[in-house]
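An overview of the molecular structure
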Amino acid sequence: MTLNQYAIWFATLMVASLGFEMPLHALGNRPLAVLQNQKEDTLRKAFHKSFAMGAAIPGAELNAAERRLLFANFNTVTPENCMKPLSLHPKEGRFRFAKADALVEMAHANGLAVNGHALLWHKQCPDWFFMEDGQQAGRERVLQRLRTHIATVAGHFAGKVQSWDVVNEAIDDKDEYLRKSKWLTSIGEDFIAEAFIVAHKADPKAELYYNDYSIERRPKRDKALRLIRDLKQRGAPIHGIGIQGHWALDSIPFQDIEDAILAFHSEGMKVAITELDIDVGKRKTDGADVGRLERVRADLFANGLPADVQQRLADQYAQLFALFLKHQDKITRVTFWGLHDGRSWLNGWPFQRTNHPLFWDRDLQAKPALSAVLALTRKKADKNPQPMAIGDSKLSPQP
Ligand code: G3I
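Summarised in this report is the structure supplied together with it. Predicted model, so just to flag it, every value in this text is computed and none were measured.

Counted by the stated rule, this structure contains 19 aromatic pairs. Arranged with centres 4.7 Å apart and planes meeting at 70 degrees, the rings of F130 and W183 form a pair that is edge-to-face. Highlighted residues: F130 in the loop between β3 (113–120) and β4 (131–132) and W183 in helix α8 (residues 182–187), separated in sequence by 53 residues. Judged by relative accessible area, F130 falls into the buried class, the value being 4%. Members of the aromatic cluster, connected to one another through ring pairs, are F47, F51, F74, Y317, F321, F324, F336, F359 and W360. Sitting over the face of the ring of Y177, R226 holds its NZ or CZ atom 3.6 Å from the ring centroid. We note R353 situated over the ring of F351; from NZ or CZ to the ring centre the distance is 4.7 Å.

Shown next as structure tokens:
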């Protein structure tokens, strides 16, 4: 470190300790010291030899404390909503990139890679894609719109995102192979292959994932394996599978998760855990089907999480991460769906209540789950196999 760099670093620490916020550009790639109660290592450092650590964020509009937490603990981000078709392409031919561009700029200025989410989904997708003259549009029209959308979006972010969730949640939850979405009914089964082919053409360096919830379990796991083989047969470039990881306390399917990681890996897929959280409230619905809401019930943890539940959350997160570390040679990235409890979608799904599914609480204080998971990396040290190489090294997450 030169004298000049040292002076900037020291001034940054001093200003931060006085409670002022430094402008982002002054922070460069160096995250500020973490929050007061987080005396231990940061997530990104502890896991840098294993896999990338990510968080979903709404955009660049985080407050200063949230930014500190993000830059210190994570080396990759996923936009929670602002890269979905509804946000980027609300009207045909009218693209709105400003919000997503700001997110990418903030991430890169602070050494974080970006995973794009999601090129195609049945939710948050405007109806115009499927309509023509007030009627259901024909296959060729919808296919052409799919191609234009993906070529434009993946082209716009080419060289800026490390990976894409190309198609999200296309597998059926019940007896069918694929979900009966408007994409399927308008185009047919090959819409998924088309999406991967166009995305690859627009950004040949991006890693391309199929992303879904509950695909660790049968029968969805078997359908995901069928999809991987179908895509390969059609010559579609798929590189990995995103297991979303929206699990619930006391019912995490550990064995299924391990079996699924092994099964996807044996098909030549990289595996990412893309939307991790553990719901501490009771609910009837598995997975993350946003369309399935439940009747509002008591808000059990409105005043905080009781110590015993907090401990179970810590233990179960530790068990999960022990599994991820065991398979770090197959896993590229673990991303939490939200930065802290106050920003979790689980406060509103499947009904409104106060949820506590992540590593930091609403006051951005680290929870016991973080310590429990960090402790694993101290125990494991260098005993593990080499982590999996991910993507273009320029865009890869920094330790
Ligand atoms: O932006 C509008 C705002 O203009 C409006 O006033 C407000 C009123 O409801 O809604 C705002 O939109 C909300 C949007 O999030 C942005 O905050 C939508 O109502 C709300 O439905 C939407 O929820 C998102 C959900 O996907 C949509 O289906 C969640 O934030 C987001 O976390 C969630 O993410 C999904 C992944 O993409 C795929 N896997 C499951 C995961 C969890 O559902």
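Text resumes after the structure shown.
Between side chains of opposite charge, a pair can form as their charged atoms come close. Going through the model one piece at a time under the given rule, you end up with 25 salt bridges. Among the ionic pairs, R147 bridges to E194, the shortest N-O distance being 3.1 Å. With R147 in helix α7 (residues 139–156) and E194 in helix α9 (residues 191–202), this residue pair connects regions lying 47 residues apart in the sequence. Taking the relative accessible area as the measure of exposure, R147 reaches 34% and is therefore partly exposed. D256 is the salt-bridge partner of R221, the closest N and O atoms lying 3.3 Å from each other.

Turning our attention to the nonpolar core. Formed by 110 residues in total, the largest nonpolar core has its most connected members in L70, W164, F264, Y317, F321 and F324. When residues in this core are grouped by element, the largest group, nine residues, is from helix α12 (residues 307–326). Among all residues touching F324, those that are not within four sequence positions of it are F51, W247, I257, I273, L276, I331 and V334. Residues A56, Y213, W337 and W345 belong to the second largest nonpolar core, which totals seven residues.

Our focus in this paragraph is the site of the ligand. By nearness alone, 14 residues border the ligand, and E80, K84, H117, E169 and E275 come closest of all. Taking W337, its side chain carries an N or O atom lying 2.9 Å from an oxygen atom of the ligand. Protein contact buries 50% of the 790 Å² of open area that the ligand shows by itself. Per-class residue counts for the shell around the ligand are four nonpolar, six polar and four charged.

The terminal C-alpha atoms of helix α10 (residues 220–233) lie 20 Å apart, and with 14 residues this matches the ideal 20 Å at 1.5 Å per residue to within 8%. Of the residues making up α10, those classed as buried are K220, R221, K223, A224, L225, L227, I228, D230 and L231. Remark: G235 follows α10 within two positions and exhibits a positive phi of approximately 75 degrees.

The next thing to look at is the pairing of β3. Taken across its eight residues, β3 has eight buried, putting it largely inside the fold. The pairing of strand β2 (residues 76–79) with β3 spans two bridges and is classified as parallel. Note that in β3 the partner of T76 across the bridge is A113. As paired strands, β3 and strand β6 (residues 163–168) are joined by four bridges and run parallel to one another. Looking at β6, one finds that L120 is bridged to V167.

How each quantity is defined
- Residues numbered from 1 in each chain as written.
- Predicted model: local features only at pLDDT ≥ 70, side-chain atom pairs only at ≥ 80, totals over all residues.
- Heavy atoms only, no water.
- Phe/Tyr/Trp six-rings, centres within 6.5 Å; stacked < 30°, edge-to-face > 60°.
- Helix = DSSP H or I, 4+ residues; strand = E, 2+ residues; numbered from the N terminus.
- Buried < 20%, exposed > 50% of the residue type's maximum accessible area, 1.4 Å probe, protein only.
- Lys NZ or Arg CZ within 6 Å of the ring centre and 35° of its normal.
- Salt bridge = Lys/Arg side-chain N within 4 Å of Asp/Glu carboxyl O.
- Core = buried A, V, L, I, M, F, W, Y, C linked by side-chain atoms within 4.5 Å.
- Contact = heavy atoms within 4.5 Å.
- Near = heavy atom within 4 Å.
- Polar contact = N/O pair within 3.5 Å; in protein donor to acceptor, adjacent residues only side chain to side chain.
- Areas by Shrake-Rupley, 256 points an atom, 1.4 Å probe, with all protein chains shown as cover.
- Nonpolar A, V, L, I, M, F, W, Y, C, P; charged D, E, K, R; others polar.
- Expected span 1.5 Å × (residues − 1).
- Pairing = 2+ DSSP bridges.

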